[in-house]
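Analysis of the macromolecular model
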Amino acid sequence: MYGFGIRAWQFALPLLKAGHHITLVTLEFGAARESDIKVTYQFPPACFGSIEHITLPEPSPRTTNILLTKLEEIIRSYRPDAIIAAGSTITTNLAAMLNTSLPIWMDMFGDLFAEVQAKSPFVNARDQITFFHHVLSRVLLRGDRFSVVSEMQRGAAMGQLGLMGRLNQYTLGEELVYTIPCAVNGDVMPVKRKTILRGKVVERGDFLLLCTGGFNTWMDVPTLFEGIERAMEKNPRIHCVVTGGAIVGHHEDGFTKFRGLISKSPHEKNFHLLGWLSNEDVDQVTMECDLGLNVDLPIYESYLGSRNRMLYWMQFGLPVLTTLNTELSHVLFDNDIAIGVPHSQPRLLADKIVEASLNRRKVRRKAMKAQEFTYQYFSFDETCLPLVRWVEHPATASDIVQRSSQGKPLSDVD
């Protein structure tokens, strides 16, 4: 359950509710050829409305032109009124290269430059920055409307558009960038299943911390581990449950480091690394735990981005303890529905964990308020109102109309 997959459904479901028809094209990671694609559905997409699902292989430098040809064939066949590139730089980059004059909504799901910076300690930073500068420039030049995940990122995106010359006399007064925060499916309610942890892996009265999802580049692994270990020293009934782990092909160092620290800990038996589980099992594990932990590095990716996992926890009634980095973390803390800690302070993190373990009812009441808040303000339907309104009358940006009238390419990068 990757973030860009959640994002695609966040955009699709409200549009289906509004009566639109969607041709959903997905790029399947791990599939180099169409024959490698194996898709199984818990629920067929058509059960959600007028939607057809077309799968294509994972893009690579060798297959980009082939994929563009297939996408353009799909456009000619289905004759859409607009294109929405959701959830990934890969999709926005492909959309920017399409030979089409259709209006395009580009979803900038996190700030690309900040994400590249976060990854820079683990890769050849100069090559990455140069490559993605060209990618983002192409996307910024071609998009008619843009969406971001936070107001902080909206400011960054407006600055990037300005550098590309898009803030000009033609777009004066025209809204180009909208904030569509991460969200949850408001039509889904938690469903308890067979117990996985309580009375089996741990005692029924133990206090269970939860970390879910990938150990991404923004995660402060040393602070996370030290905070948990210090809390375990003070309260031996504290356990840490981890679902997910390394993100293969993107970032594996973080989880490797975390696992290495656990192997040297005197509290190793209190850590339970469950790996990547089915969605149903993650749901059940979440409902059995007592506190979700989100610990960010103090980097620009954290300040500009968001965290799907925290919204997921709140939807399932799990209390949240988070460093105060993301815009989302500040919203939750300011509304007194999450426990907040400053970044890079493992001792204070440990104290907050122990305090929560000794005040379970108080923390659980906070979680119930957070669950109600999530369904009210962070549902797919509520967050996607700007997109739904635009799709009613999808329009080309005024400066792109002008550029096209002069016979200039729509997305060429000098």
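Heads up: these notes are all about the structure in this document. (Residues numbered from 1 in each chain as written. Predicted model: local features only at pLDDT ≥ 70, side-chain atom pairs only at ≥ 80, totals over all residues. Heavy atoms only, no water.)

**Here we look at the packing of helix H7 (residues 221-234) against helix H8 (residues 253-263)**
- Here H7 crosses H8 at 30°, and the two axes come no closer than 10 Å. It follows from the interaxial angle that H7 and H8 lie roughly parallel. Considering how the two elements wind past one another, H7 and H8 form a crossing that is right-handed. Residues Val221, Pro222, Leu224 and Phe225 of H7 form the contact with H8, whose own contacting residues are Gly254, Lys257, Phe258, Leu261 and Ile262. (Axes fitted to C-alpha atoms, helices over the stretch in contact; angles between N-to-C directions. Helix = DSSP H or I, 4+ residues; strand = E, 2+ residues; numbered from the N terminus. Parallel < 35°, antiparallel > 145°, perpendicular 65-115°, else oblique. Left-handed = near helix turned anticlockwise from the far one by under 90°. Contact = heavy atoms within 4.5 Å.)

**Some points on the packing of aromatic side chains**
- Counted by the stated rule, this structure contains 15 aromatic pairs.
- Taken together, a centroid distance of 6.3 Å and an interplanar angle of 50° make the contact between Tyr2 and Trp276 tilted. With Tyr2 in the segment before helix H1 (3-17) and Trp276 in the loop between strand E9 (271-275) and helix H9 (279-288), this pair connects stretches of sequence that are 274 residues apart.
- Overall, Tyr2 belongs to the partly exposed group, its relative accessible area being 43%.
- For Trp276, a relative accessible area of 47% puts it in the partly exposed group.
- Considering the side-chain rings of Trp9 and Phe48, the 5.4 Å spacing of their centres and the 55° angle between planes classify their relative orientation as tilted. Taken together, the residues span a long stretch of sequence, with Trp9 in helix H1 and Phe48 in the loop between strand E1 (22-28) and strand E2 (51-57) at a distance of 39 residues.
- On the basis of relative accessibility, which here comes to 29%, the residue Trp9 falls in the partly exposed class.
- By relative accessible area, which is 38% here, Phe48 ends up partly exposed. (Phe/Tyr/Trp six-rings, centres within 6.5 Å; stacked < 30°, edge-to-face > 60°. Buried < 20%, exposed > 50% of the residue type's maximum accessible area, 1.4 Å probe, protein only.)

**Description of the pairing of strand E11 (residues 320-323)**
- Alternating positions in E11 separate into two faces, Val320 and Thr322 on one and Leu321 and Thr323 on the other, with burial throughout.
- Sheet topology note: the strand E10 (residues 291-294)/E11 ladder contains three bridges and is parallel. When the bridges of E11 are listed, Gly292 appears paired with Val320.
- The parallel pair E11 and strand E12 (residues 339-341) is bridged by helix H12 (residues 327-334), and the resulting crossover is right-handed. (Pairing = 2+ DSSP bridges. Right-handed = clockwise from strand over helix to strand, strands pointing away.)

So yeah, pure geometry; function would need other evidence.
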